[in-house]
Protein chains: 2
Amino acid sequence: MHSLHFTTESSSDGMLARDFALGEVPGVLWSPASGADRAPLVLMGHGGGTHKKHPSMTDRARLLVTECGFHVAVIDAPGHGDRPRTAHDEQEVAALREVQAAGEPEGPIVVRYNAHLAQLAVPEWQATLDALQELPEIGADGPVGYFGIGLGTAIGVPLVAAEPRITAAVFGLHWPDALVEMAKRITVPIEFGLQWDDERIPREASLALFDAFASTEKTLHANAGRHFDLPRFEFDSAARFFARHLGRTVASPA
Amino acid sequence: MHSLHFTTESSSDGMLARDFALGEVPGVLWSPASGADRAPLVLMGHGGGTHKKHPSMTDRARLLVTECGFHVAVIDAPGHGDRPRTAHDEQEVAALREVQAAGEPEGPIVVRYNAHLAQLAVPEWQATLDALQELPEIGADGPVGYFGIGLGTAIGVPLVAAEPRITAAVFGLHWPDALVEMAKRITVPIEFGLQWDDERIPREASLALFDAFASTEKTLHANAGRHFDLPRFEFDSAARFFARHLGRTVASPA
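On a predicted model such as this, the values are computed, not experimentally measured, just so you know.

**Here's the deal with the overall build of chain A**
The helix and strand tally for chain A stands at 7 helices and 9 strands. Principal-axis analysis of the C-alpha atoms gives chain A an extent of 50 × 40 × 35 Å. Expressed as a percentage of its 254 residues, the buried residues of chain A come to 59%. Accessible area of chain A: about 10400 Å², with a carbon and sulfur share of 52%.

Structure (structure tokens):
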């Protein structure tokens, strides 16, 4: 087992960012700059084709760190960010570009490629969580949430199904095909986002995935708009969801 | 045209309650006790079989008044609260009790009775809004929202479709039958709540009503649970929705 080591550290606007590596896996841990108080941890999975420090990640991290006082960790998914692409990654990305250019449905390729990435990523996330819980400011018994949309859901659903330490999760924007059976094993509270006019994922497919979760507390947020129009207020909603379930109060907007 | 006159006034926990009458229609106006500042107005429609001061109304009013600084008005629907029941009301309520006791679908009766109530209630709400806007603390050009679930949606959808002064609305928990055509004329932002395991309203029926709204900003919140299990955090969400659209910030929870 590798142990986590921090590489670089920076701080801005009340948020401390520490890059880390765990074996081959690069990650970042964001924390409140104010101190080393023990606080809940949210693991965030980035979207397909992006990476751990994409603005969609830093924006959400800022909300969770500065308004909720949480720690937030993101790792690069296999073939993403600072990680090498294999020949298989290159093939799948090329196949995806091809169907997109032809205006054909991309679902079948995204589903199979993301399922492959999830198989690799779930044990990486579990090792990362082991290592993060050794930090005194996180601890072995603190609350842990998971937040991932798109590829972050493809990886997060099997992760949360396998991982009893994660007690609340926000998912969304993914095809059900490879995920339904694992979703049926998830019983922790979830919030699930879909786009009502999604041009990539059929509405019925998204509803079927939401339906599959066994959680007694689950909430669907469906917004008018296309795939990439997920409104920003859904991230505020996710922050309140985690505050409710991981045990901190959302600070008032200034 | 009748003008609004206040009958009794009381105040508790930072909230001023003023009962009023407008002709035959009894209502209540809740306001921040702190002063007569001009503030947005939210009209609230109560549920079937309840009334203007049912705890579901006072709880929501408290949230909107004390956390958002809004004025909130509720009037008794025809045949409800302090208003007389006609022979037709008695008949319809008896018919409803009968199908409920027999375990038969109540949808057809609720749909037709609520549509009848809405025909009476929409002009009453419009006259109430006229009168409320004459108060200096509300004013003729301030923002106005509408919030109603169940019967409150049956009355609210035709009201919002007819009333350009209402610029944001929260609806939910109703059959689409009598409402779809009016929902197609609504373009203001809406938030719509349904219960994923509703034993009274079929899931597809609720989704069809949400689908019908022409609003470019519309959000569906579907929660696991039965008809009467709508979670309390949806009322917090509604408060934030109105704060976003009517122009006030939600206060921080203490």
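**Side note on the relation of the copies chain B and chain A**
Of the transformation placing chain B onto chain A, the axial shift is 0.0 Å and the rotation is 180°, giving an RMSD of 0.0 Å. In short, the pair behaves as if placed about a two-fold rotation axis. An overlap of 100% is found between the interface residues of chain B and their copies at the interface of chain A, pointing to a shared contact surface.

**Re the interface of chain B and chain A**
Contacts between the two partners involve 23 residues from chain B, matched on the other side by 23 residues from chain A. Buried area between chain B and chain A, both sides added, is near 1800 Å², and the carbon and sulfur share of it is 59%. Considering only the surface of chain B that becomes buried against chain A, W196(B), A224(B) and F233(B) emerge as the three largest contributors, covering 27% of it. At the surface where chain B touches chain A, the tally comes to 2 salt bridges. Among the ionic pairs, D211(B) bridges to R203(A), the shortest N-O distance being 3.2 Å. Taken together, chain B and chain A are joined by 11 residue pairs in polar contact (both at pLDDT 80 or more). Put simply, the parts of the chain that give the side of chain B that touches chain A at least two residues each are α6 (203-212), β9 (218-223) and α7 (233-246) of chain B. For the side of chain B that touches chain A, the element with the most residues is β9(B), which contributes 6 residues. Taken together, the residues that form the side of chain B that touches chain A break down as 9 nonpolar, 7 polar and 7 charged. As judged from the 5 bridges shared by strand β9 (residues 218-223) of chain A and β9(B), these two strands associate in the antiparallel manner. Following the sheet pairing, N223(A) is matched in β9(B) by T219(B).

**Brief notes about the pairing of strand β2 (residues 15-22) of chain B**
All names here are of chain B. Taken across its 8 residues, β2 has 8 buried, putting it largely inside the fold. Neither face of β2 is open: one carries M15, A17, D19 and A21, the other L16, R18, F20 and L22, and all of them are buried. Across 6 bridges, the pairing between strand β1 (residues 5-12) and β2 is antiparallel. Residue pairing across strands places H5 opposite A21, the latter belonging to β2. Relative to strand β3 (residues 25-32), β2 runs antiparallel, the two sharing 8 bridges. By the bridge assignment for β3, L22 is matched with V25. Hairpin geometry of β2 and β3 is characterised by an intervening segment of 2 residues between the two adjacent antiparallel strands and by a positive phi of about 60° at G23.

**As for the packing of aromatic side chains**
Within the structure shown, the criterion is met by 20 aromatic pairs over all chains. Each ring, one from W196(A) and one from F210(B), has its centre 4.8 Å from the other, and the planes form 80°; the classification is edge-to-face. On the criterion of chain membership, the pair formed by W196(A) in the loop between β8 (190-195) and α6 (203-212) and F210(B) in helix α6 is interchain, its members lying in two chains. A centroid spacing of 6.2 Å and a plane angle of 50° characterise the contact between F147(B) and F235(B), whose relative ring orientation is tilted. Pair noted here: F147(B) is in strand β6 (residues 144-148) and F235(B) is in helix α7, with a separation of 88 residues, a long-range link. Using a relative accessible area of 2% as the deciding quantity, one classes F147(B) as buried. Following the ring pairs from residue to residue traces out a cluster consisting of W125(A), Y146(A), F171(A), F192(A), F210(A), F213(A) and W196(B). Over the ring of W196(A) we find R203(A); its NZ or CZ atom is 3.9 Å from the centre of that ring.

**Quick look at α7(B)**
Residues and elements named next belong to chain B. Compared with an ideal rise of 1.5 Å per residue, which puts 14 residues at 20 Å, α7 spans 20 Å between its outermost C-alpha atoms and is within 8% of the ideal. With 10 of 14 residues buried, α7 is to be regarded as a mostly interior element. For α7, the full list of buried residues reads F233, E234, F235, S237, A238, A239, F241, F242, A243 and L246. Positioned one or two residues after α7, G247 has a phi angle of 95°, which is positive.

**Digging into the side chain of N114(B)**
Tracing the backbone through its elements, the reader meets N114(B) in helix α3 (residues 107-132). Judged by relative accessible area, which is 7%, N114(B) ranks as buried.

**With respect to unusual backbone geometry**
Residue and element names in this part refer to chain B. Unlike most non-glycine residues, D13 shows phi in positive territory, near 50°. Tracing the chain through its elements places D13 in the loop between β1 and β2. The residue L173 is not glycine, and still its phi comes out positive at about 55°. Turning to its location among the elements, L173 is positioned in the loop between β7 (166-172) and α5 (180-183). Classification of L173 by relative accessible area gives buried; the value is 7%.

**Some remarks on the side chain of E92(B)**
All names here are of chain B. Position of E92 among the secondary structure elements: in helix α2 (residues 87-102). E92 gets classed as buried once you look at its relative accessible area, which sits at 6%. With residues up to four places along the chain from it excluded, the contact list for E92 reads I109, R112 and Y113.

**Structural notes on the pattern of salt bridges**
All names here are of chain A. Tallying each qualifying case throughout the model produces 36 salt bridges over all chains. E163 is the partner of R165 in a salt bridge, and the nearest nitrogen-oxygen pair spans 2.9 Å. We classify R165 as partly exposed; its relative accessible area is 25%. Since its relative accessible area comes to 6%, E163 is described here as buried. Each of K52, D76 and D82 takes part in one network of salt bridges that share partners.

Conventions adopted
Residues numbered from 1 in each chain as written. Chains lettered and ligands numbered in written order. Predicted model: local features only at pLDDT ≥ 70, side-chain atom pairs only at ≥ 80, totals over all residues. Heavy atoms only, no water. Helix = DSSP H or I, 4+ residues; strand = E, 2+ residues; numbered from the N terminus. Buried < 20%, exposed > 50% of the residue type's maximum accessible area, 1.4 Å probe, protein only. Areas by Shrake-Rupley, 256 points an atom, 1.4 Å probe, with all protein chains shown as cover. Least-squares fit on C-alpha atoms with pLDDT ≥ 70 in both. Contact = heavy atoms within 4.5 Å. Buried area = accessible area lost by both parts, 1.4 Å probe. Salt bridge = Lys/Arg side-chain N within 4 Å of Asp/Glu carboxyl O. Polar contact = N/O pair within 3.5 Å; in protein donor to acceptor, adjacent residues only side chain to side chain. Nonpolar A, V, L, I, M, F, W, Y, C, P; charged D, E, K, R; others polar. Pairing = 2+ DSSP bridges. Phe/Tyr/Trp six-rings, centres within 6.5 Å; stacked < 30°, edge-to-face > 60°. Lys NZ or Arg CZ within 6 Å of the ring centre and 35° of its normal. Expected span 1.5 Å × (residues − 1).

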